[in-house]
Amino acid sequence: MAAAIAGRLTAAHVLEYPYRRSVGPVLGAFFTGLTERRVTGVKARDGRILVPPVEYDPDTGEAISEMVEVGPGGVVTTWAWVEKPRRKHPLDRPFAWALIRLDGAGSAMLHVVDAGSAAAMETGMRVRPRWKDEPEGNIRDIVCFEPE
Amino acid sequence: MAERCAVIGVGQTKHDVKRTDVSLPGLLREAVDRAFADAGVGWRDIDAVVIGKAPDMFEGTMMPELYLADALGAAGKPMLRVHTAGSVGGSTAIVAAQLVHAGIHERVLTVAYEKQSEGNAMWALTVRIPFQQAIVAGAGGYFAPLIRAYMRRSGAPEDTGIRVALKDRQNAAKNPYSHLVFPDVSYEMIAGSPMLWDPIRYMETCPSSDGACAMVLASEAAAKRARQAPAWVHGTAMRSEPTMFAGRDQVNPRAGRDCAAELYRKAGITDPRRDLDCAEIYVPFSWFEPMWMENLGFAPEGEGWKMTQEGATALDGDMPINPSGGVLSSNPIGASGMIRFAEAALQVRGLAGEHQVPGAERALGHAYGGGSQFFAMWIVGRARP
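These notes cover the structure that comes with them.

1. Digging into the sheet that holds strand β1 (residues 39–43) of chain A
Residue and element names in this part refer to chain A.
Item 1. With antiparallel pairing, the 3 strands of this open sheet are ordered in space as β2-β1-β3. The open sheet has two free edges, formed respectively by β2 (49–50) and β3 (67–70), since each of these has just one partner strand.
Item 2. Sheet topology note: the β1/β3 ladder contains 4 bridges and is antiparallel. Bridging from a neighbouring strand, Thr40 pairs with Glu69 of β3.
Item 3. Lying on the sheet, helix α1 (residues 24–35) is in contact with β1 and β3; it crosses β1 at an angle near 155°.

And the structure:
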């Protein structure tokens, strides 16, 4: 709340508003897979495996539903180092945001690499997921990726 | 001279309180796939996509048109988002029609939706500002005093709203896409339902729905190759006015009257009650039927309620209003206006099924939004204009 200024009324006004999502059958299967420590993608019409999965082919608009397991390891295709993590960042120590193409996938997925220092990061490096102890069907079930 | 524009495909979802079986893209695709099947077209036939929904905060998916582009086959195609609050389903269709009228595109896909289960629009419209009297609880809290004003001005019988709700709910039972269906609905059931915002009873108000509506609009050349009979666009009009200004008549808003006048001029309508065969109008609370009858010129000022009381607006009346069951029966907010436009098109194509008005030649689709301040309307006809 703003400090009261003499002669002026102030009041807190907190606007809170809940949302919930229906993820549908395709993303639903992806999130369910995470609870079993599996990462799944979908096979697009041109044969590419898209991870995370999408319900509709980005080239043709057709519905796609063939799920394919990928990973668990993969390759960093690009990255950005975060030297001073902020409060809501996924790790409390320096880390990399990275696009990671999991083995078998035709697209890269945004996640986090815990490599200790920027000097340990390299485009093309191999990484593997570190899983949460009790996965709950959420992308943060993968705590981060780490160098293989 | 504008190019002609026709509705060649219409699709809508099964509207329901919570469509948790589908994602947001999945909800839209249910409507789009049905519109494509109706039109006999596929993604390759679509030149542009025009999408509309109510404010983003209703679901908390910001700029959803970007996220939905792939699911709507819009990669590499023009995609346009329209924002006009509750009237958006109507104005989205009009923007899409303009792209065809202008000769820019052959076939335009237009889609509108709301997935109310992902948020809570009723309470989003109930912001309590410090040091101000809290007077509004949802849209009903805003509109109830306008209804009271209408009742006082017109001297309409107290049960006019009940009769509107009874008629719309009976019509809804004939529409397979309706969210709310009460098979044994009766006058007593509505009259006995709880008072929510006096004078609006529970059964005189619209539900919160998940749903989508899609249409394929086409040029004359493309309409000739359509799978089924098209509905030709005879005229479109949009008007807005500010929420507040001195002398504003919120019961019979100037923007609505002006919008209707422009629409009738464009479509060659001189007496709407005589010249039109049916209308799908935006009635989220029962009493808005008689109020809009006056605003739209179907009845003289102060006499709209007589049409309801005499049964003129029933499916077998001389001016059927909301044969589909209307917004009272399905209200995916952003889609609600487009459903009105699409249902008008189904009527003149002769494809409205059990709620078909026999021999409908010309029909009005109407949407309004905000505090009775945004209006969008079109007239579609069986005959090529």
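We are not done yet, so read on.
2. Regarding the sheet that holds strand β2 (residues 48–53) of chain B
Residues and elements named next belong to chain B.
Item 1. Judged by pairing direction, the sheet is mixed, and its 9 strands sit side by side in the order β3-β2-β4-β7-β1-β8-β11-β10-β9 without closing on themselves. Single-partner strands in this sheet number two, and they are β3 (79–82) and β9 (278–280). Within this sheet the neighbouring strands show an average axis-to-axis angle of 25°, counted without direction.
Item 2. Sheet topology places strand β1 (residues 5–12) next to strand β7 (residues 210–219); 7 bridges connect them, and they run antiparallel. By the bridge assignment for β7, Gly11 is matched with Ala214.

3. What about α1 of chain A?
Residue and element names in this part refer to chain A.
Item 1. For α1, with 12 residues, the first-to-last C-alpha span of 17 Å sits near the 16 Å given by 1.5 Å per residue.
Item 2. Looking at α1, one finds that the buried residues are Val26, Phe30, Gly33 and Leu34. Down the axis of α1, the buried set is contained in an arc of 105°. They therefore lie on one face.
Item 3. Of the surrounding secondary structure, the elements contacted by the buried residues of α1 are β1.
Item 4. At the C-terminal side of α1, Arg37 shows a positive phi close to 55°.

Cut-offs applied
- Residues numbered from 1 in each chain as written.
- Chains lettered and ligands numbered in written order.
- Predicted model: local features only at pLDDT ≥ 70, side-chain atom pairs only at ≥ 80, totals over all residues.
- Pairing = 2+ DSSP bridges.
- Helix = DSSP H or I, 4+ residues; strand = E, 2+ residues; numbered from the N terminus.
- Contact = placed C-beta atoms within 7 Å.
- Axes fitted to C-alpha atoms, helices over the stretch in contact; angles between N-to-C directions.
- Expected span 1.5 Å × (residues − 1).
- Buried ≥ 20, exposed ≤ 12 C-beta atoms within 10 Å, placed from the backbone.
- Arc of directions from axis to C-beta.

Any functional reading would require information that these geometric values do not contain.
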